[in-house]
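Structure assessment
One-letter residues, chain by chain:
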Amino acid sequence: MSKIKKIEARGVPVVGNDIDTDRIIPARYLKEITFSKMGDYPFYDERFTPEGKKKDHSFNKPEYQGAGILVANSNFGCGSSREHAPQSLVRWGIRAIVAESYAEIFAGNCVMLGTPAVVASKDDVAAIQKWVAANPEAQLVLDLEAMILKVGDHSYKITMPETRRNALLEGTWDSTSLLLANKDKIEAIAASLPYMAWTQD
Amino acid sequence: MAKNTLYNKVWDAHSVATLPTGQTQLFIGLHMVHEVTSPQAFDMVREKGLKVMYPERTFATMDHIVPTRSQKRPFLDPQAEAMMQAIERNTEEFGVTFLNFETGKQGVVHIIGPELGLTQPGMTIACGDSHTSTHGAFGTLAFGIGTSQVRDVLATQCLAMDPMKVRRIEVNGTLRPGVTPKDVILYIINRLGVKGGIGFAYEYAGDAFDSMTMEGRMTVCNMSIEGGARAGYVNPDDTTFEYLKGRDHSPKGEEWDKAVEKWRSLASGPEAEYDEVVRYNAEDIQPMVTWGITPGQSIGIHQTLPRPEDYDDSGERQSIELAYKHMKLKPGQRPDEIKIDVAFIGSCTNGRIEDLRAAAAVVAQGIKAGKKVAPGVTAFVVPGSMQVRKQAMEEGLHTIFQDAGFEWRGAGCSMCLAMNPDQLKGDQISASSSNRNFIGRQGSPSGRTLLMSPAMVAAAALTGKVTDVRQFPAA
């Protein structure tokens, strides 16, 4: 698993508070039993009319094709726990997200995919969105060691829970092996829980 | 940080280790699985060459994708059928109990866990579904997870977690007639906001919850996530134990007595400390209805729709403007000016027997007054589980609904998330007892959703518009 320390990519703004995971990926695309095609679907109903015509959405604009850092507002990814939402963004090309705040489950899902979901202040997010819109071709640099996002001449302070940052920096964000390493301790806790011994049925 | 709360006791009892990242390795006592968020997780376990560590701690069912009109196999939708076959194959290969139609116990995952007695106080409970918070009604720490985390629970029975803060939400006094648990939680979300709960577990306490049934507590805990709180719980008490006694998986005999003693000791006591405490008066709560595109955009039935210019915050104003644009409603409108096309009673929020009884009572009252489902309205009732459906039919509730012109369906998630044939068309507007009014949630990108209690949905079905349920006094 790779250590994630620095991400350099072009930005793409998605403006609006409370953008829920149904908006990020409509439920009808959850009928597939693998994640392989999810990259075709992010923001589908915001990008296309029912007849398939393109709507005005940053993910449709030529200048944002190939962008890797999504800049969003508050409570991004609220609602359903569907991992299909971050999967669809990542498979479209997103490698990191900067937002005012995230829904808890969404932020956790991002880390599990090795995708930093970092927080910047409301004013900073607004400034970054504006700058990216004016400079879509420019690279942003997200530095997880310094916890800074470089945008043009500006450096913005970013935050994220220390534990999640550690998981990314150390390359242990795919947590299964960490958890399995404590097999003896898992068994000890299981043995200590009264309900584990109760008769089933 | 909170101390000595139920949350703390459950968290500590399930803490396996501190991981190198600083996260806590948390043991999961009960893992529920459904067909939509699990196939990829089983694939990941397989790819890693692992097994399910405690197959007897995982229970699977199917709910999201199942049609509710005809549940004959093979399903007409080939994608739904493929998804069914995947969960059948996966549960068989990994030795996980699958509660399918043949068992008579199939249903919405958060309805069947409690009804089978799988959900027990003091457990940690996870499921690849955000409404796992429902199980907190029993004094559990229960929360939704993503598919990669489902993989972790399957492979290790554990999750890498960060601790939560605890906000105690007290509602004291007596709820007014016609005010239901759904109204209580919509009121709380309206007050604290849809992101107010980020980072918190909500502890619901006070007179209103003490006197609430388990079904009602489940409705409240269910929608914790709509307020941003990943988990919500009520401390276990005699109401909890009475509900659990004699259920399929509840402890029996001597084990039962020991269990009750243990469960009682888990409740937050007078020595508990909280990160925050908020208090509301039960008398202030009216029947609620959402008018916008987040569960926080709601009003009491006696109020009028808000004016964007009353909001100082630019982000919130923008949200409200988007809501009006999508909903095609106007500031200052009264709720009873909003006509509906569809009435949906069901979901993990309000698909339990008590919900169906409350809705049927309103319908029965309407029938007496010579009313039926209003012309042009499609109304249907989707029991939360096969067992709820059976119970309702034994009580004759289905005939009350059918006599009034409601359709009586099979169990499933149905139009709550519409990844099955139950979907809004075009810009239809629904009165819905479900949990989310997000844009496109009910299957049509331009569809519109008004969230309310099941009794309020029944009233709206009979009048064809949003209606104060207290016009049907049996409720």
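The shown structure was predicted, so the numbers you read here are calculated from the model rather than taken from an experiment.

Our next topic: the packing of helix H3 (residues 84–92) of chain A against helix H4 (residues 104–112) of chain A. Two numbers describe a pair of packed helices, the interaxial angle and the distance between the axes. All names here are of chain A. Where H3 meets H4, the axes come as close as 9 Å, and the angle between the chain directions of the two elements is 50 degrees. Here H4 runs oblique to H3, going by the angle between their axes. Like other packed secondary-structure pairs, H3 and H4 cross with a definite hand, here right-handed. Contacts between H3 and H4 involve Ala 85, Pro 86 and Leu 89 on the former and, on the latter, Phe 106, Asn 109 and Cys 110. Class assignment of the residues belonging to the contact of H3 with H4 gives a composition of five nonpolar, one polar and no charged.

Turning our eyes to something else, we now look at the interface of chain B and chain A. The interface of chain B with chain A comprises 80 residues on the first partner and 60 residues on the second. In total, chain B and chain A occlude about 5,800 Å² of area from one another, counting both sides; carbon and sulfur atoms represent 59% of this. Note that A:Asp22 and B:Arg441 form a salt bridge whose closest N and O atoms lie 2.8 Å from each other. Viewed at the interface, chain A and chain B are joined by 23 residue pairs in polar contact (both at pLDDT 80 or more). Listing elements by their share of the side of chain B that touches chain A, those giving two or more residues are strand S1 (15–18), strand S2 (24–27), helix H2 (39–47), helix H3 (78–94), helix H5 (147–156), strand S8 (158–161), helix H10 (253–266) and helix H11 (314–327) of chain B.

On to the packing of aromatic side chains, then. Evaluation of the coordinates by the stated rule reveals 22 aromatic pairs over all chains. With a centroid separation of 4.9 Å and 75 degrees between ring planes, the pair formed by A:Phe43 and A:Phe59 is classed as edge-to-face. Linking A:Phe43 in the loop between helix H1 (21–24) and helix H2 (44–47) with A:Phe59 in the loop between H2 and strand S2 (69–72), this pair joins segments that are 16 residues apart in sequence. In this structure, A:Phe43 and A:Phe59 share a single accessibility class: buried. Ring centres of B:Phe138 and B:Tyr243 lie 5.3 Å apart, and the angle between their planes is 65 degrees; on these two criteria the pair is classed as edge-to-face. Highlighted residues: B:Phe138 in the loop between strand S6 (124–127) and strand S7 (141–144) and B:Tyr243 in helix H9 (residues 238–244), separated in sequence by 105 residues. A residue is classified by how much of its surface remains accessible, and B:Tyr243, at 13% relative accessible area, is buried. Three or more aromatic residues joined by ring pairs make a cluster, and in this case those are A:Tyr29, A:Tyr41, A:Tyr44 and A:Phe48. The cationic tip of B:Arg73 hangs over the ring face of B:Phe75; the distance from NZ or CZ to the ring centre is 5.5 Å. The aromatic ring of B:Phe200 is capped on one face by B:Arg167, whose charged end is 4.0 Å from the ring centroid.

Take the pairing of S2(B) next. Residue and element names in this part refer to chain B. Going residue by residue along S2, you find Thr 24 and Leu 26 tucked away on one face and Gln 25 and Phe 27 tucked away on the opposite face as well. Where S1 and S2 come together, three bridges link them in antiparallel fashion. Within S2, the residue paired with Ala 17 across the bridge is Gln 25. Bridge analysis of S2 against S8 gives four bridges, and the strand direction is antiparallel.

What follows concerns the domain arrangement of chain B. Residue and element names in this part refer to chain B. Under the domain assignment used here, chain B contains domain 1 (9–161), domain 2 (165–239 + 262–284) and domain 3 (288–471). Each of domain 1 and domain 2 was reduced to a C-alpha centroid, and the two centroids are 25 Å apart. The interface is formed by 21 residues belonging to domain 1 together with 19 residues belonging to domain 2. Across the domain 1 to domain 2 interface the summed buried area is about 1,600 Å²; carbon plus sulfur atoms make up 61%. Of all residues in domain 1, the largest losses of buried area upon contact with domain 2 belong to Lys 9, Pro 121 and Ala 137, amounting jointly to 32% of the total for that side. For the interface between domain 1 and domain 2, the tally reads zero salt bridges. Counting across the domain 1 and domain 2 interface gives eleven residue pairs in polar contact (both at pLDDT 80 or more). Ranked by residues supplied to the side of domain 1 that touches domain 2, first place goes to S7 with four residues. Among the residues forming the side of domain 1 that touches domain 2, the class breakdown is nine nonpolar, eleven polar and one charged.

Right, let's talk about empty space enclosed by the protein for a bit. Under the criterion given, the structure shown has three cavities of 30 Å³ or more. There is about 210 Å³ of room inside the largest cavity. In terms of lining, the largest cavity is formed by 24 residues, of which the most central are B:His64, B:Asp129, B:His131, B:Leu417 and B:Arg441. Where the lining of the largest cavity is concerned, the elements lending two or more residues are helix H4 (109–115) and helix H12 (347–350) of chain B. Counting residues domain by domain, the lining of the largest cavity receives three or more from each of domain 1 (9–161) and domain 3 (288–471) of chain B. In this structure, the second largest cavity occupies an estimated 110 Å³ of space. Around the second largest cavity sit 13 residues that line it, and A:Asn75, A:Cys78, A:Gly79, B:Val194 and B:Ile225 are the ones nearest its centre. Split by residue class, the lining of the second largest cavity holds seven nonpolar, four polar and two charged. Each of domain 2 (165–239 + 262–284) and domain 3 (288–471) of chain B accounts for three or more of the residues forming the lining of the second largest cavity.

Basis of the calculations
Residues numbered from 1 in each chain as written. Chains lettered and ligands numbered in written order. Predicted model: local features only at pLDDT ≥ 70, side-chain atom pairs only at ≥ 80, totals over all residues. Heavy atoms only, no water. Axes fitted to C-alpha atoms, helices over the stretch in contact; angles between N-to-C directions. Helix = DSSP H or I, 4+ residues; strand = E, 2+ residues; numbered from the N terminus. Parallel < 35°, antiparallel > 145°, perpendicular 65-115°, else oblique. Left-handed = near helix turned anticlockwise from the far one by under 90°. Contact = heavy atoms within 4.5 Å. Nonpolar A, V, L, I, M, F, W, Y, C, P; charged D, E, K, R; others polar. Buried area = accessible area lost by both parts, 1.4 Å probe. Salt bridge = Lys/Arg side-chain N within 4 Å of Asp/Glu carboxyl O. Polar contact = N/O pair within 3.5 Å; in protein donor to acceptor, adjacent residues only side chain to side chain. Phe/Tyr/Trp six-rings, centres within 6.5 Å; stacked < 30°, edge-to-face > 60°. Buried < 20%, exposed > 50% of the residue type's maximum accessible area, 1.4 Å probe, protein only. Lys NZ or Arg CZ within 6 Å of the ring centre and 35° of its normal. Pairing = 2+ DSSP bridges. Domains from an automatic or database assignment. 1 Å grid on protein atoms, 1.4 Å probe; cavity = no way out; pocket = protein on both sides within 12 Å on 5 of 7 lines; lining within 4 Å. Points joined across faces, edges and corners; volume = space filled by probe spheres on them.

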